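Single-letter residue listing:
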Amino acid sequence: MGGWFEQTVLSGSLLLAIPVAVLAGLVSFFSPCVLPLVPGYLSYVSGVGVQDLDTSRRPRVVTGAVLFVLGFSAVYVAGGALFGAVGLRLAQHQRTFSIVAGVLVIVLALVFLGLVPAMQREWRVHAVPAVGLGIAPVLGVLFGLGWLPCIGPTLGAVLVLAGNEATAARGALLTGVYCLGLGVPFVLAALGFARFTRSTQWVRRHQRALSVAGGVLLLVVGVLLVTGVWDSLIADLQTWAGGFGALL
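Rules of the game
- Residues numbered from 1 in each chain as written.
- Predicted model: local features only at pLDDT ≥ 70, side-chain atom pairs only at ≥ 80, totals over all residues.
- Heavy atoms only, no water.
- Helix = DSSP H or I, 4+ residues; strand = E, 2+ residues; numbered from the N terminus.
- Buried < 20%, exposed > 50% of the residue type's maximum accessible area, 1.4 Å probe, protein only.
- Contact = heavy atoms within 4.5 Å.
- Areas by Shrake-Rupley, 256 points an atom, 1.4 Å probe, with all protein chains shown as cover.
- Core = buried A, V, L, I, M, F, W, Y, C linked by side-chain atoms within 4.5 Å.
- Polar contact = N/O pair within 3.5 Å; in protein donor to acceptor, adjacent residues only side chain to side chain.
- Phe/Tyr/Trp six-rings, centres within 6.5 Å; stacked < 30°, edge-to-face > 60°.

Caption draft 1: Molecular detail of the overall build of the protein chain. When you go through the protein chain residue by residue, the secondary structure sums to eleven helices and zero strands. Taken from N to C terminus, the helices and strands of the protein chain fall in the order α-α-α-α-α-α-α-α-α-α-α. Split into buried and exposed, the 248 residues of the protein chain put 45% on the buried side. For the protein chain, the share of sequence-separated contacts (at least 6 apart) that also reach a separation of at least 24 residues comes to 82%. Summed over all atoms, the accessible surface of the protein chain reaches about 11600 Å², with 72% contributed by carbon and sulfur.

Caption draft 2: Up close: the nonpolar core. Phe 68, Tyr 76, Trp 147, Tyr 178 and Phe 186 are the most contacted members of the largest nonpolar core, which has 56 residues in total. Breaking this core down by element, the ones donating at least two residues are helix 2 (12-29), helix 3 (38-46), helix 4 (58-89), helix 5 (94-112), helix 6 (136-165), helix 7 (168-191), helix 8 (193-199) and helix 10 (207-227). Counting residues per element, this core draws most heavily on helix 6, which supplies 13 residues. When neighbours within four sequence positions are excluded, Phe 68 is seen to be in contact with Tyr 41, Val 45, Ala 136, Leu 139, Gly 140, Phe 143, Trp 147 and Phe 186.

Caption draft 3: Expanded view of the side chain of Thr 154. In this structure, Thr 154 sits in helix 6. Judged by its relative accessible area of 2%, Thr 154 falls in the buried class. One polar contact links Thr 154 to Ser 28, side chain to side chain, over a distance of 2.5 Å. In this structure Thr 154 touches Ala 24, Val 27, Ser 28, Phe 112, Tyr 178 and Leu 218, once residues within four positions along its chain are discounted.

Caption draft 4: Broad picture of the packing of aromatic side chains. Considering all chains together, one arrives at ten aromatic pairs under this definition. Taking 5.0 Å as the distance between ring centres and 90 degrees as the angle between the ring planes, the aromatic pair formed by Phe 29 and Phe 30 counts as edge-to-face. Exposure remark for Phe 29: the relative accessible area of 0% places this residue in the buried category. Ring centres 5.9 Å apart and planes at 45 degrees place the aromatic pair Tyr 41 and Phe 186 in the tilted group. Taken as a pair, Tyr 41 in helix 3 and Phe 186 in helix 7 lie far apart in primary sequence, 145 residues in all. An aromatic cluster is present here, built from Phe 29, Phe 30, Tyr 41, Phe 68, Phe 72, Tyr 76, Tyr 178, Phe 186 and Phe 196 joined pairwise through their rings.

Caption draft 5: Examining helix 3 more closely. Counting buried positions along helix 3 gives seven out of nine residues, so the element sits mostly inside the fold. Restricting attention to buried positions, one finds in helix 3 the residues Val 38, Pro 39, Tyr 41, Leu 42, Ser 43, Val 45 and Ser 46. Positioned one or two residues after helix 3, Gly 47 has a phi angle of 75 degrees, which is positive.

The structure is reproduced here in structure tokens:
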């Protein structure tokens, strides 16, 4: 177990990529096409009316939220594993892959910043039945697929990093971390909907600034990949993590 931890979690690439994936997940959740719809999502997956989300059957709402998160996580983690497996086949061309990946992340950053008008359209699944817990994971899958055009820039950047990991397991782990950033706020909202609504008022007021910050984050990652600085940082982190792992 210690060897797996050292080789996987303490690898320099994941030490650098995991924080980016968590932030990407949070940025996706607080984006204009997800945050305003949280009440509707929670109502759909629990079968509880929006007006009752904070006053009755809280265990049901929380269970529905967890199942919903597991549904879209299954989609995204499978995608991360696929991209990681593809990256493994391209590992011998790592530098070329990093350059191509960096260019893709830069393009995705520009899309997220709203600088590519042709790619600002949004599609979501709208017609879904409010049938509650039994179908919550399926709704998670449907919403996960329906969100793709909206959260595509952040998720796409994470998938590119997953491909850069060059193994299916690490790709799945990285997208799993992204899903934590995206999914944990859903569960927190289910735990205390009224408090969550109050706490997100500041986010709503500063949504554009947060979107710009997320876009800049992706842009920086893309530039690091293209210039080779990302690979240099990974090498430095691997040296540090190797010394740290020897102490475990």
